[in-house]
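Chain residues, written in single-letter form:
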Amino acid sequence: MTHLYDEERLGVLLRLLRPAPLGWVRAAQELPGARQTFDEIVARAEADLAFRNALIADLERALAAEGYEPDRRILDEIRERLSES
């Protein structure tokens, strides 16, 4: 089977692209940690009714009391997840 582009040709084409904006690069680097924090908070809220109720009552205060400093995206995702259930 003949490939339209071989690895060398793809490398040449990729080098022609402009670099990704710095904000995109930073966001991509932060994503795994943010996802882990989000998953941890949601799992705890599912297992601990008191923690879940505290999150529903005052999300930012409940998280701060537990030592979390999530960014706006994590807060928005948690609000969405809590409103679904």
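Residues numbered from 1 in each chain as written. Predicted model: local features only at pLDDT ≥ 70, side-chain atom pairs only at ≥ 80, totals over all residues. Heavy atoms only, no water.

1. With respect to the overall build of the protein chain
Then step 1. Broken down by element type, the protein chain carries 5 helices and 0 strands.
Then step 2. Its C-alpha atoms give the protein chain a radius of gyration of 20 Å, more than 25% over the compact-globule value 12 Å for 85 residues.
Then step 3. Projecting the C-alpha coordinates of the protein chain onto the three principal axes gives extents of approximately 60 × 30 × 20 Å.
Then step 4. Considering the protein chain as a whole, with its 85 residues, one finds that 20% of them fall into the buried category.
Then step 5. Within the protein chain, residue pairs in contact and separated by at least 24 positions form 43% of the contacts whose partners lie at least 6 positions apart. (Helix = DSSP H or I, 4+ residues; strand = E, 2+ residues; numbered from the N terminus. Rg over C-alpha atoms; globule rule 2.2 N^0.38 Å. Buried < 20%, exposed > 50% of the residue type's maximum accessible area, 1.4 Å probe, protein only. Contact = heavy atoms within 4.5 Å.)

2. Things to note about the nonpolar core
Then step 1. Membership of the largest hydrophobic core comes to 14 residues, with the highest contact counts inside it found for Ile41, Phe51, Leu55, Leu59, Leu63, Tyr68 and Ile78.
Then step 2. Looking at this core, the elements with two or more residues in it are α2 (22–47), α3 (49–57), α4 (59–65) and α5 (72–84).
Then step 3. Filtering out sequence-adjacent residues up to four positions away, Leu55 remains in contact with Ile41, Ala45, Ala62, Leu63 and Leu82. (Core = buried A, V, L, I, M, F, W, Y, C linked by side-chain atoms within 4.5 Å.)

3. A word on the pattern of salt bridges
Where side chains of opposite charge bring their charged atoms close, a pairing between them can arise.
Then step 1. This model, assessed by the stated rule, comprises 9 salt bridges.
Then step 2. A salt bridge links Asp48 to Arg44, with the shortest nitrogen-to-oxygen separation between them at 3.9 Å.
Then step 3. The partly exposed category is assigned to Arg44, whose relative accessible area is 29%.
Then step 4. Salt-bridge contacts for Arg79 lead to Asp76; the nearest nitrogen and oxygen are separated by 3.8 Å. (Salt bridge = Lys/Arg side-chain N within 4 Å of Asp/Glu carboxyl O.)

4. Examining the environment of Leu75
Then step 1. Its location among the elements puts Leu75 in helix α5.
Then step 2. Assessed through its relative accessible area of 6%, Leu75 is described here as buried.
Then step 3. A sequence separation of 37 residues divides Leu75 from Phe38, and the C-alpha atoms of the two residues are 8.6 Å apart.
Then step 4. Not counting chain neighbours up to four residues away, the residues in contact with Leu75 comprise Leu59, Glu60, Leu63 and Pro70.

5. Section: a nonpolar patch on the surface
Then step 1. Where nonpolar side chains cluster on the molecular surface, the patch consists of Leu4, Tyr5 and Leu10 and spans about 340 Å² of accessible area.
Then step 2. Relative to the helices and strands, Leu4 resides in the segment before α1 (7–16).
Then step 3. Residue Leu4 is classed as exposed on the basis of its relative accessible area of 76%. (Patch = residues over 30% accessible without salt bridge, like charges linked within 9 Å, V, L, I, M, F, W, Y side chains within 5 Å. Areas by Shrake-Rupley, 256 points an atom, 1.4 Å probe, with all protein chains shown as cover.)

6. Here we look at the confidence of the model for the protein chain
Then step 1. In this model, the protein chain carries an average pLDDT of 88, and 95% of its residues clear a pLDDT of 70 or more.
Then step 2. Of all secondary-structure elements in the protein chain, the lowest mean pLDDT belongs to α5, at 85, while α3 reaches the highest, 94. (pLDDT = per-residue confidence, 0-100.)

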